[in-house]
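# An overview of the molecular structure
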Amino acid sequence: MSTRGLAALHAGKNLTPFSFDRRTPNTNDIDFSVSFAGICHSDIHQVREEWGPALFPMVPGHEIVGIVDRVGSDVSGFKPGDKIGVGVFVDSCRSCAQCVNGLEQYCAEGMTPTYNGYERDGKTISFGGYSNRFVIDQKYALHVPDSLEFSGVAPLLCAGITLYSPLRFWKTDSKTKVAIMGLGGLGHLGLKFAKAMGAHVTVLSHSAKKEQDARAMGADDFINTSDEAAMLAAEKRFDLILNTVSAELNINDFLKQLSLNGTLVCIGLPGKPYSVNVGSLLEARRSLAGSMIGGIKETQEMLNFAAEHGIVSEVEVIDANYVNTAYERTVASDVRYRFVIDAKTF
Ligand code: NAP
Ligand code: ZN
Ligand code: ZN
């Protein structure tokens, strides 16, 4: 099926218009017109090969919403006209313990990423959501609640679930003191979800100018990370710190802000490793953890929770020809708070 989109033809190159074919839908597939595709910082890391060798041409995009056009004869639960979402993976082995237990993102054989990976046949490169059409197996498709503003839903499919899942795993409730490091695409949704779960939420940001926005989105407190006195005063304050920062930083400054038994969850994935001062962990039985997106069942739960609480991403909707500029602005932490591409412009 002929498809139009944007691709990086080589590592680090600007994205340019690109035409390609998607598979002919099979009986379990849903064929849909993309409406909006979010720009995740992971798209930028991969286009620029900051995580190691990648596959080109690359059509990025794993925050995809659209409207169903056709469904295969074995598809149940979706029909033409429905709103549909696709996130960071489009398949997995379907039989390992993780897949069976709704943790497909940790599939023993590796999930099939929405782009920059191979389909299960091991040879077809997967192409992502910066495109006008998509074909998805029904098992990996999400129902998008009608009540939510559609462009603001796209970022929930990666940024949203990536913060929702650790908030749930570490049992966030009204007694939890949460800190969110980095008020970008992921961070601002973490703030909204943590507040909806009743937590006390502090934003730790290196952009002083974001304080007003953070408070408008519900933050109880805001710390400018370059304010040394404020950083020191926050030692031993938080039960759970979610680190969404995309760049290198001194992780020890933040580990010290965990209270007894607290956990700092690494979510942002800069290209270089952190240097951890183990003493910071020992002195308060602290944990340093990681978390990656969420499974299909939990992603649907997150979308339903978002509908219940009226949570969507703050977005700047852009045309396809603005994507390269949007990449630069995202890297400069100048995004309020997610760029979303209008798929009509591909
Ligand atoms: P983003 O919108 O660019 O937000 C990242 C934020 O990090 C920025 O807004 C900024 O917040 C802070 N930051 C950036 N550069 C910084 C620097 N030099 N020093 C200190 N703080 C800095 O990116 P995103 O899309 O939210 O993604 C964030 C990270 O999570 C990326 O590395 C991405 O690849 C990763 N990610 C991981 C998963 C997962 O499953 N674990 C899923 C999606 C994305 P302030 O201006 O407030 O300081
Ligand atoms: Zn992402
Ligand atoms: Zn599996």
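Regarding the protein chain, the relevant UniProt record gives this comment under Cofactor (unreviewed entry): "Zn(2+)".

## Some thoughts on the layout of surface pockets
Of the pockets and cavities examined, the second largest pocket occupies roughly 330 Å³. Considering the residues around the second largest pocket, the lining is formed by 19 residues, among which Arg22, Arg23, Glu119, Thr124 and Val135 are closest to the centre. When residues of the lining of the second largest pocket are traced back to their parent elements, those giving at least two are β2 (15-21), β6 (89-91) and β8 (133-137). Top contributing element to the lining of the second largest pocket by residue count: β8, with four residues. Per-class residue counts for the lining of the second largest pocket are seven nonpolar, four polar and eight charged.

## Considerations on the site of ligand 1
As a matter of local geometry, ligand 1 sits amid 30 residues, with Ser205, His206, Ser207, Lys210 and Arg338 nearest to it. Within the side chain of His206, one N or O atom sits 2.5 Å away from an oxygen atom of ligand 1. Calculation on ligand 1 without its partners gives an accessible area of 920 Å², and the protein chains cover 90% of this total. Mapped by element, the contributors of at least two residues to the shell around ligand 1 are α1 (41-47) and α5 (185-196). The greatest single-element share of the shell around ligand 1, amounting to three residues, is contributed by α1. Counted by class, the shell around ligand 1 contains 12 nonpolar, 16 polar and two charged residues. When residues of the shell around ligand 1 are sorted by domain, at least three fall in each of domain 1 (2-158 + 312-345) and domain 2 (159-290).

## Details of the coordination of the zinc ion (ligand 2)
Distances from the zinc ion (ligand 2) to its protein donors, namely Cys40 (SG), His62 (NE2) and Cys158 (SG), fall within the range 2.0 to 2.2 Å. Each donor residue of the zinc ion (ligand 2) lies on the same chain, and together they follow the pattern C-x21-H-x95-C. Placement of the pair is Cys40 in the loop between β3 (29-38) and α1 and Cys158 in the loop between α3 (150-153) and α4 (159-169), with a sequence separation of 118 residues.

## Regarding α4
Burial within α4 is extensive, with nine of its 11 residues counted as buried. Buried residues along α4 sit in contact with β10 (177-181), α5, β13 (238-243), β14 (258-266) and α10 (296-309). At the C-terminal side of α4, Lys171 shows a positive phi close to 55°.

## Here we look at the environment of Gly294
Residue position: Gly294 is located in the loop between β15 (287-290) and α10. Along the backbone, Gly294 and Phe193 are 101 residues apart, and their C-alpha atoms lie at a distance of 14 Å. Beyond its immediate stretch of four places on either side in the chain, Gly294 contacts Phe89, Gln105, Ile161, Ser165 and Thr299.

## What about a negative patch on the surface?
On the surface, Asp227, Glu228, Glu235 and Asp253 cluster together into a negatively charged patch. On the secondary structure map, Glu235 appears in the loop between α7 (228-233) and β13.

## As for the domain arrangement of the protein chain
Structurally, the protein chain comprises domain 1 (2-158 + 312-345) and domain 2 (159-290). On a C-alpha basis, the centres of domain 1 and domain 2 stand 27 Å from each other. Here domain 1 packs against domain 2, burying approximately 1,500 Å² in sum over the two surfaces, 51% of which is carbon and sulfur. Counting the surface domain 1 buries against domain 2, the share from its top three residues, Cys158, Ser333 and Tyr337, is 37%. Counting the contacts that link domain 1 with domain 2 gives two salt bridges.

The rules we used
Residues numbered from 1 in each chain as written. Chains lettered and ligands numbered in written order. Predicted model: local features only at pLDDT ≥ 70, side-chain atom pairs only at ≥ 80, totals over all residues. Heavy atoms only, no water. UniProt positions renumbered as here; feature names shortened; annotations may be inferred. 1 Å grid on protein atoms, 1.4 Å probe; cavity = no way out; pocket = protein on both sides within 12 Å on 5 of 7 lines; lining within 4 Å. Points joined across faces, edges and corners; volume = space filled by probe spheres on them. Helix = DSSP H or I, 4+ residues; strand = E, 2+ residues; numbered from the N terminus. Nonpolar A, V, L, I, M, F, W, Y, C, P; charged D, E, K, R; others polar. Near = heavy atom within 4 Å. Polar contact = N/O pair within 3.5 Å; in protein donor to acceptor, adjacent residues only side chain to side chain. Areas by Shrake-Rupley, 256 points an atom, 1.4 Å probe, with all protein chains shown as cover. Domains from an automatic or database assignment. Donors = N, O, S within 2.8 Å, 3.2 Å for Na, K, Ca; no water. Buried < 20%, exposed > 50% of the residue type's maximum accessible area, 1.4 Å probe, protein only. Contact = heavy atoms within 4.5 Å. Patch = residues over 30% accessible without salt bridge, like charges linked within 9 Å, V, L, I, M, F, W, Y side chains within 5 Å. Salt bridge = Lys/Arg side-chain N within 4 Å of Asp/Glu carboxyl O. Lys, Arg positive; Asp, Glu negative; His and termini not counted. Charge placed at Lys NZ, Arg CZ, Asp CG, Glu CD. Buried area = accessible area lost by both parts, 1.4 Å probe.

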